[in-house]
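So you can see what is in the structure, the chains are spelled out below.
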Amino acid sequence: MKESPQIQKLETILRSSKLVAGGFMGTDTRSSSEIIEADATQISRLGFTTKQITAKMQEITDIAKAALGNWVDLDDKNRARVDEAKGIIVCPWPHPGRFAKRVTVVNLIESNETIHWSDLNIHLIAEHGFFEGKGSTFRIEPDILAKIIFQIKL
Ligand SMILES: [Zn+2]
């Protein structure tokens, strides 16, 4: 299928290392729209919406942010921590979007599984449905994310 010039430009930006080391696509050979579609299907199979997921991610980030780099218990199963880094990162989509380089880490204590996301991840999922390509540093697997933040059995 012939992609529009705008989509082609976005694909180039997502695959370049200009904005983030390694780019947003990792080793994924699918197009961004194929990745977005596959993840959307998985999210709905799990019984969630991206809105529910990103609301929960933001809630966790806001709670952990207040603990200034220390672990904070979210409940008796999960704990979270926020690591702040200097600088900002911009959204690769063509609109103004600048985000602090803040990373939230959530640890499911019992199984010691960990997931991390940046403020940009929350935006990419909420606004663009984009969980990034497989192999990229900040790729988020929707099922692992849902398992950890909603404590569901997979
Ligand atoms: Zn954006």
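See the structure above.
Residues numbered from 1 in each chain as written. Predicted model: local features only at pLDDT ≥ 70, side-chain atom pairs only at ≥ 80, totals over all residues. Heavy atoms only, no water.

Undergrad: Could you clarify how one ought to interpret the overall build of the protein chain in this entry?
TA: Counting its secondary structure elements, the protein chain contains five helices and four strands. What you see in the protein chain, going N to C, is helices and strands ordered as α-α-α-β-β-β-β-α-α. Along the three orthogonal principal directions, the C-alpha set of the protein chain runs to about 50 × 35 × 25 Å. In the protein chain, which comprises 154 residues, the proportion classed as buried is 41%. A separation of at least 24 residues holds for 52% of the contacts in the protein chain among residues at least 6 apart in sequence. (Helix = DSSP H or I, 4+ residues; strand = E, 2+ residues; numbered from the N terminus. Buried < 20%, exposed > 50% of the residue type's maximum accessible area, 1.4 Å probe, protein only. Contact = heavy atoms within 4.5 Å.)

Undergrad: Explanation requested: the pattern of salt bridges in the structure shown.
TA: Here the idea is simple: oppositely charged side chains can pair when their charged atoms come close. Under the definition given, this model contains 11 salt bridges. Here R30 and D28 are joined by a salt bridge, their closest N and O atoms 2.8 Å apart. For R30, a relative accessible area of 23% gives the class partly exposed. E141 is the salt-bridge partner of K134, the closest N and O atoms lying 3.1 Å from each other. Given a relative accessible area of 25%, E141 falls into the partly exposed group. (Salt bridge = Lys/Arg side-chain N within 4 Å of Asp/Glu carboxyl O.)

Undergrad: Sorry, what's going on with the sheet that holds strand β4 (residues 113–118) here?
TA: Note on sheets: strands pair through backbone hydrogen bonds, and any given pair is parallel or antiparallel. Read from one edge to the other, the open sheet built from four strands follows the order β1-β2-β3-β4, with strand pairing classed as antiparallel. A strand with exactly one partner marks an edge of an open sheet, and here the two such strands are β1 (72–73) and β4. Taken together, the 10 bridges between strand β2 (residues 78–90) and strand β3 (residues 98–108) define a ladder with antiparallel strand orientation. If you follow D83 over to β3, its bridge partner there is V103. Where helix α3 (residues 50–65) meets the sheet, it contacts β1, β2, β3 and β4, and its direction lies at approximately 90° from that of β2. The sheet contacts of helix α5 (residues 142–150) involve β2, β3 and β4, and relative to β4 the element is tilted by about 105°. (Pairing = 2+ DSSP bridges. Axes fitted to C-alpha atoms, helices over the stretch in contact; angles between N-to-C directions.)

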